[in-house]
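# Analysis of the macromolecular model
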Amino acid sequence: MGLELYLDLLSQPCRAIYIFARTNNIPFEFKRVELFKDSVLGKRTTAGSGAEQPRGGPSDSEGAGKVSLLKKVPALKDGDFTLAECTAILLYLSRKYNTPDHWYPSDIQKRAQVDEYLSWHHANIRANAPKTMWIKVLIPLFTGQPLPPEKLQEVMEGLSASLKQFEERFLQDKAFIIGSEISLADLVAVVELMQPVGVGCDIFEDRPRLLEWRRRVEDAVGKELFFQAHEMILNIKELSNVQIDPQLKEQLAPVLMKMLK
């Protein structure tokens, strides 16, 4: 049995793994999971299949649940071995397939810099960037009402503070986070920052240093692959046309609201 990756490309960590595997020509079977279709939104029309067309094919959420004890994506199955969590999967792939050193350098200090960013990321960029999608798309979808503008403003202020630290502490005047070549740190960062972009919060506007960094990351992995992986998030507003079962709304609206407190 070959390598299987259970991914939903609306998810930032899933996109990081998908881009990394494709960029490094790692052979894998793309097990497409639609979390919103299978656990939240109900039926949705899809077309196409396979790794070359990430939006298509039948969803494999049941398979993902069997692979990951945590019942979430991303999930990896390599023969009898299973693994969850984005960073763990990225490191496993980089080691097993001996990917170019710049992704996770053998130099102990450069590797420590990647580790430092990945540790900082979760409590900063990841703590704020995904909330833009919940505020602008998902919570209105379930509650039928937009959130007060000040809620988005609060999240954007927190994100702006994190972006300032990102530029000053991690990016500085370098091409990439650890120097002249892309690393796992850049990939994890950029997919997270595309989440606000997808819902109309262009955090790259008026931040030329950040924008140039993003363009370098796109070039490093290939623009076609980059935008293919982000096709779903860049069309996230299509979800506003989905009809939600009233019972699901009643059950999930309070849960979603608590996520932003």
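The sections below set out a description of the structure shown in this document. (Residues numbered from 1 in each chain as written. Predicted model: local features only at pLDDT ≥ 70, side-chain atom pairs only at ≥ 80, totals over all residues. Heavy atoms only, no water.)

## Looking at the sheet that holds strand β1 (residues 3-7)
For clarity, the threshold we go by: Pairs of strands are assigned from DSSP output, requiring at least two bridges between the strands. Runs of E in the DSSP output that reach at least two residues are strands. Runs of H or I that reach at least four are helices, and both are numbered from the N terminus. For helices, the axis comes from a line fit to the C-alpha atoms of the stretch in contact; other axes are also lines fit to C-alpha atoms, and the angle between any two N-to-C directions lies between 0 and 180 degrees. Residues count as neighbours in contact if any of their non-hydrogen atoms are within 4.5 Å of one another.
Reading across the sheet, the four strands line up as β2-β1-β3-β4 and stay open at both edges, with mixed pairing between neighbours. Bordering the open sheet on either side are β2 (29-32) and β4 (81-84), each of which pairs with just one other strand. The average undirected angle you get between the axes of adjacent strands in this sheet is 20°. Direction of pairing for β1 relative to β2: parallel, over a ladder of four bridges. Looking at the pairing, L7 lines up with R32 of β2. Sitting on the sheet, helix α4 (residues 86-96) touches β1, β3 (75-78) and β4, and the angle it makes with β4 is about 135°.

## Topic: the nonpolar core
Going by this rule: In this text, buried Ala, Val, Leu, Ile, Met, Phe, Trp, Tyr and Cys residues form a nonpolar core when linked through side-chain atoms within 4.5 Å. Partly exposed describes any residue whose relative accessible area lies between the buried limit of under 20% and the exposed limit of over 50%, with all areas from a 1.4 Å probe on protein chains only and scaled to the type maximum. Domain boundaries shown here were taken from an automatic or database domain assignment.
Residues Y117, F166 and W213 are the most contacted members of the largest nonpolar core, which totals 75 residues. A total of ten residues in this core trace back to one element, the largest contributor, which is helix α9 (residues 184-198). Here this core gathers at least three residues from each of two domains, domain 1 (3-102) and domain 2 (106-260).

## Concerning α4
Looking only at α4, the buried set comprises C86, I89, L90, L91, L93 and S94. Where α4 ends, the next residue or the one after it, N98, has phi of about 50°, a positive value.

## Here's the deal with the environment of A112
Note on placement: A112 falls in helix α5 (residues 108-123). A residue is classified by how much of its surface remains accessible, and A112, at 40% relative accessible area, is partly exposed. The sequence separation of A112 and I178 amounts to 66 residues, and the corresponding C-alpha distance is 9.7 Å.

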